[in-house]
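Chain by chain, the residues:
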2 protein chains.
Amino acid sequence: MRAVDIIIKKRDGKVLTEQEINFFIENYTTDEIPDYQASAWAMAVLLNGMTAEETTYLTLAMANSGDRLDLSGVVDIAVDKHSSGGVGDKTSIAVVPMVRACGLPVGKMSGRGLGFSGGTLDKLEAIPGFRTDLSKDEFLSQLGSLGMVLTGQSMDLAPADGKLYGLRDVTGTVQSIPLIASSIMSKKIAAGAQAIVLDVKVGNGAFMENLDQARELANLMVSIGELSGRDVAALLSDMNQPLGVAVGNAIETKEAIQTLRGEGPADFEEHCLEIASHMLLLGKRAETKAEARRLAEDAISSGSGLEYLKKLVQAQDGDVRVIDHPEMLPEAPVKTVIEAQESGTIAEVHARTVGETAVVLGAGRMKKGDSIDPAVGISVMVKVGDAVEIGQPLFVIHARSDDAVEEAKQQLKNAVKIVKEEVAPLPLFYGLVD
Amino acid sequence: MRAVDIIIKKRDGKVLTEQEINFFIENYTTDEIPDYQASAWAMAVLLNGMTAEETTYLTLAMANSGDRLDLSGVVDIAVDKHSSGGVGDKTSIAVVPMVRACGLPVGKMSGRGLGFSGGTLDKLEAIPGFRTDLSKDEFLSQLGSLGMVLTGQSMDLAPADGKLYGLRDVTGTVQSIPLIASSIMSKKIAAGAQAIVLDVKVGNGAFMENLDQARELANLMVSIGELSGRDVAALLSDMNQPLGVAVGNAIETKEAIQTLRGEGPADFEEHCLEIASHMLLLGKRAETKAEARRLAEDAISSGSGLEYLKKLVQAQDGDVRVIDHPEMLPEAPVKTVIEAQESGTIAEVHARTVGETAVVLGAGRMKKGDSIDPAVGISVMVKVGDAVEIGQPLFVIHARSDDAVEEAKQQLKNAVKIVKEEVAPLPLFYGLVD
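Please read all numbers here as calculations on a predicted model, not as lab measurements.

Attention shifts here to the overall build of chain A. When helices and strands are counted, chain A shows 17 helices and 13 strands. Taken over C-alpha atoms, the radius of gyration comes to 22 Å for chain A, in line with the 22 Å a tight globule of 434 residues would show. Its C-alpha atoms put chain A at 70 × 45 × 40 Å along the principal axes. The contacts of chain A with a sequence gap of at least 6 include a subset with a gap of at least 24, amounting to 77%. Of the side-chain charges in chain A, 42 are positive and 62 negative, and the distance between the mean point of each set is 2 Å.

What follows covers the environment of Val405(A). Residue and element names in this part refer to chain A. Locating Val 405 in the fold gives a position in helix 17 (residues 402-412). By relative accessible area, Val 405 is classed as buried at 4%. As for Val 405 and Val 360, which are separated by 45 residues in sequence, their C-alpha atoms are 9.8 Å apart. Apart from the residues within four sequence positions on either side, Val 405 is in contact with Val 334, Thr 336, Ile 397 and Ala 399.

On to the interface of chain A and chain B. Facing the 21 residues of chain A at the interface are 21 residues of chain B. For the pair chain A and chain B, the summed buried surface comes to about 1600 Å²; carbon and sulfur atoms form 72% of the total. Here chain A is connected to chain B by 0 salt bridges. Applying the counting criterion to the chain A and chain B interface returns 7 residue pairs in polar contact (both at pLDDT 80 or more). Every element with two or more residues in the side of chain A that touches chain B is listed here: helix 1 (3-11), helix 3 (35-48) and helix 8 (159-169) of chain A. With 10 residues, helix 3 of chain A is the largest single contributor of residues to the side of chain A that touches chain B. Here the side of chain A that touches chain B is built from residues that sort into 11 nonpolar, 7 polar and 3 charged.

Before going further, it helps to spend a moment on the domain arrangement of chain A. All names here are of chain A. As far as domains go, chain A holds domain 1 (3-49), domain 2 (79-324) and domain 3 (332-419). Centre-to-centre, using C-alpha coordinates, domain 1 lies 31 Å away from domain 2. Every contact between the two is made by 12 residues of domain 1 and, on the other side, 11 residues of domain 2. In this assembly, domain 1 packs against domain 2 so that about 1000 Å² is buried in total across both faces, 77% of it on carbon and sulfur atoms.

Attention now goes to the pairing of strand 4 (residues 195-202) of chain B. Residues and elements named next belong to chain B. In terms of burial, strand 4 is a largely internal element, 8 of the 8 residues being buried. Alternating residues of strand 4 divide into Ala 195, Val 197, Asp 199 and Lys 201 and Ile 196, Leu 198, Val 200 and Val 202, and every residue in both groups is buried. Pairing geometry for strand 1 (residues 79-83) and strand 4, over 5 bridges, is parallel. Counted as the bridge partner of Ser 83 is Asp 199 from strand 4. When strand 4 meets strand 5 (residues 231-238), the two strands line up parallel, connected through 8 bridges. Within the sheet, the bridge partner assigned to Ile 196 lies in strand 5 and is Val 232.

What follows deals with the relation of the copies chain A and chain B. For the match of chain A to chain B, the screw axis carries a shift of 0.1 Å, the RMSD comes to 0.0 Å, and the turn is 180°. Here the transformation between the copies is reduced to the relation of a two-fold axis. Taking C-alpha positions as the reference, the residue of chain A nearest the rotation axis is Tyr36(A), at 1.8 Å. With an isologous cut-off of 70% or more, the 100% of interface residues of chain A that recur at the interface of chain B puts this contact in the isologous class.

In this section: helix 1 of chain A. Every α-helix carries 3.6 residues per turn, so stepping three or four residues along brings you back to the same face. If you check which residues of helix 1 of chain A are buried, you get Ala3(A), Val4(A), Ile6(A), Ile7(A), Lys10(A) and Arg11(A). Along the long axis of helix 1 of chain A, the arc covered by the buried residues comes to 160°, so they all point the same way. Check the buried side of helix 1 of chain A and you find it contacts helix 2 (18-29), helix 3 and helix 4 (52-63) of chain A together with helix 3 (35-48) and helix 8 (159-169) of chain B. Phi turns positive, to about 80°, at Gly13(A), one or two residues after helix 1 of chain A.

Here the focus is the sheet that holds strand 10 (residues 387-388) of chain B. Residues and elements named next belong to chain B. Strand order in the open sheet formed by 3 strands is 10-8-12, with antiparallel pairing between adjacent strands. The strands lining the two open edges of the sheet, one partner per strand, are strand 10 and strand 12 (416-419). Relative to strand 10, strand 8 (residues 344-349) runs antiparallel, the two being bridged by 2 bridges. If you follow Thr 345 over to strand 10, its bridge partner there is Ala 387.

The rules behind each value
- Residues numbered from 1 in each chain as written.
- Chains lettered and ligands numbered in written order.
- Predicted model: local features only at pLDDT ≥ 70, side-chain atom pairs only at ≥ 80, totals over all residues.
- Heavy atoms only, no water.
- Helix = DSSP H or I, 4+ residues; strand = E, 2+ residues; numbered from the N terminus.
- Rg over C-alpha atoms; globule rule 2.2 N^0.38 Å.
- Contact = heavy atoms within 4.5 Å.
- Lys, Arg positive; Asp, Glu negative; His and termini not counted.
- Charge placed at Lys NZ, Arg CZ, Asp CG, Glu CD.
- Buried < 20%, exposed > 50% of the residue type's maximum accessible area, 1.4 Å probe, protein only.
- Buried area = accessible area lost by both parts, 1.4 Å probe.
- Salt bridge = Lys/Arg side-chain N within 4 Å of Asp/Glu carboxyl O.
- Polar contact = N/O pair within 3.5 Å; in protein donor to acceptor, adjacent residues only side chain to side chain.
- Nonpolar A, V, L, I, M, F, W, Y, C, P; charged D, E, K, R; others polar.
- Domains from an automatic or database assignment.
- Pairing = 2+ DSSP bridges.
- Least-squares fit on C-alpha atoms with pLDDT ≥ 70 in both.
- Arc of directions from axis to C-beta.

This is the structure in C-alpha cells:
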C-alpha cells in the first residue's frame, strides 16, 4: 500500500477502505507519511467528502493512535459532553456538578480558549489554586472516589488528531465536516466515552455559522456514534448572541456558581437544564426526558449541584470559599457601563464581535500559549428581542485600564443593532439529532 | 499576504491574482512556503482548475524562479520544440539538423527517459563520445557558431517547476492540465524560447491517454503562449502505437540517421516533416505551410540534414563515423524475431506495453538515476491496419541475454492484437492548435 495511491483514490472521489484509512493514519502518526502527503489528502477529503463509514474509520484510527482511557472499571457508564465552542459558554462548570448530583459520574477533559471562543480550563483557573493538570492516575482516582473530574488533557490522547489538526490549520483544510466530526469524536472516544452529548453551536460566534452545515456535522457525528457503538445525542444551539450574561473568565465562573444557586440568567439556566437532561438520559439515570429534566431542576433547586461544585473545587485544590463568596474571584479595576443611545428593540448582539472584544480586553488569546487576564470581560445586559430605552445598560466592560475600556467601547458599537420594529427573540436550540 | 489564504482562495474555486501566484511561487522556491502548503494548494488547483491567465502567471513565475537563458544576441528568433514524450520518439535527433539545414538555428535542451517513455539524451549518448552536458557558455557559443545544439539542462532553469514537480509526483497532483501546461511552458520560456512547436502525444504510450484532455492541454499551452507573447503551435500526434520501427537507444539513433538519409520508416519521416514544417513557419523561414514542407523535404532529399547531424555530432565530441556507418553503434548480442502466430489484420500494437518491455530489456529506467543499456530494444515491424500472414515478423528483440528475450517475449504477447476483419490505420496526427 502506498500513501500516494490513497491520495489519488480520494482525489478521484472514490471511497477509502478501513485498511487504507488505518494505513494512512498509522503511518502519519509515526511520520512515515510526511505532512505534504497528509495535507494533499486532507484537501482532497475537504473537496470530495467522505462517507459516514469512512469518517468512522478515520475517527477510530485517530482514537487508536495514542493512549486510550478505559473507564469501565471506574464508572458503570462513561458519559461525556462536548461543546463546539462559543462566546459565554460556561456550561460544563454548571452541568458536571448538576448531573453528578443526580447520580451520574462524569470525568471530563476540557480545553482552553482560542480567538473569540472561550475555554473551560481558563474559566476554572480563575478560582485560586484550582488545578487543571491532573495526571491519568489522579483523574481515575478522583473519578472513582468523587465521581466527577473537570481537567485538561494530560495524556497523549488521539495524537494523530492533534498532528492533523495543526496541519489543517495552515493548509486551508479546517472547514471539512468529516474532518471536524472525526476530530471531535476521536478525542472523546480516546477519553473513554461510551455516550456523548454534543452541543453543536450555530451562529456568528461559533465554528459553524450556518444551520445546514451544523446539522450536517451533527448528523455525521451521530452516525459515527452508531457505527462505532457509542450512544450520541447532538443539540443544535444558538450562538448568534452570547450565552448568558458573562463573557470573560472569572465572571463566567461566577455566573456558573449563581446558576447552580438558581440565580443565573434564564437562557443559560435553560441551556444547562437541556444539556444535563440529555446526559442523564444517555447515562440511564432517567427513563424519559421529562424525568431527566425534573432531576436536573432539582439539582438546582435543592442546592445539591452547588454542593457538588464545592466538592469539585475542593478535590482539585481550588479555594472553596469562592463558591459562597464569588466576590473573592479576581475582579477588574475598571468597570464601565455602555448605555443604549436610542430606544427600540434589540435586533442583534453579535456574539463574535463580543468575543473578539473580550480578547482585546485580555480575556482570550490571539494565538496558543498567550497569557490571559482572568478578571476582565464583558457583561452582556440585553438579548435579541428585548425592548430598550435610551440610557439603559447594554454592556458592562470589566477592564484593566481606561485605555482598554475605550478600545472595547469602539468595538462594541458594532455589536448591537437597535431597531424600531418588534423582533422575535432568538431560539436557544434549533433541534436535536439522536 | 499569507500562503494559507491563497490556498483557501483556490480551495473555494476563486481566481488567484498575479501577485498571489508570484508570492506563492517565490516563497516556495526559497522554502519560505513549506511542501505541505504547496501540496494542499496543488490538490486544490487539480480539483478546482485554473484559468488561462492564472496558468500563465504560474508559468512565468516558475520561469523566473532561477536562471534564464537570453538567446536574443545569438539567434534572430529562438524557436524550440517539445514533445510530451512517448515510445519510439527520436524526432529531435532528425528534426534539429533538418531545420538547421533550412537556415533555422535551434538550441534545444532535452531530457532523459523515465518509465515506458524514452529520452533524447539517452539516445544521443549511444553515439560514442557524444556530450550532452554542455555548459551555458558552450551552449551559447555552439549555437552562435554552428546554429544548432542538442544537450541536457546544465543550468538551474525553472527550479520552482523542478521542486513542484517532485512534490506533485508523490502527492497525487501530477494529472492537472494547468500544472502540466505550466511545467512544460516554464522550462521552455526559461530556456529563452520565443516560439515553440509542441508535440502533444495522445494514446496509451503517452502521458495523455485521452484526446479531449490532450486537446485541452494543447489549447491551454497555446493560450499561455498568446498571453505571454510567445508564438506557439501544438500538434496532437498519435501514441497508441510506437512511432517508427525502433524502440531503444542505439537503434533509435540509427533510425534517425536513416531517416535523414531518406531511408526511414514512412510514419516517422512524415512525423518529422510535419514538426519541422511548423518550426520553419514559426521561425519565419517560410511564408506558407506548403513552402515550409518543401524546404523540410529538400533537407532530406539533398542530404543537407544528414550533413548537419554530422556537424552536430562532431561539435559535441561524438564519433562522427557512426553517421556513415551506423553499424558502429552499440549492438545487442542476442536478436530474436517474434513471428505472427495467426494471419489477419493488426488491430493494436500497444505502445505502452512495447515501452515497458524495452525497460525490462534495459533500454529504460524504472526510476531516476538507473543506468541503461544503449544496445537493447525492440524493432516493431508492423503497424495497425497491416495485413499479416502466419510466420511474418512482428518484432525483433535486441537483448543482452536469452533470459531477457524470454521475458520480453512473454510481455510482447499482450502488445499485439490480430483480428480477422479489416482495420483502418491509425492517423499520425489528430489536429493542430495554433
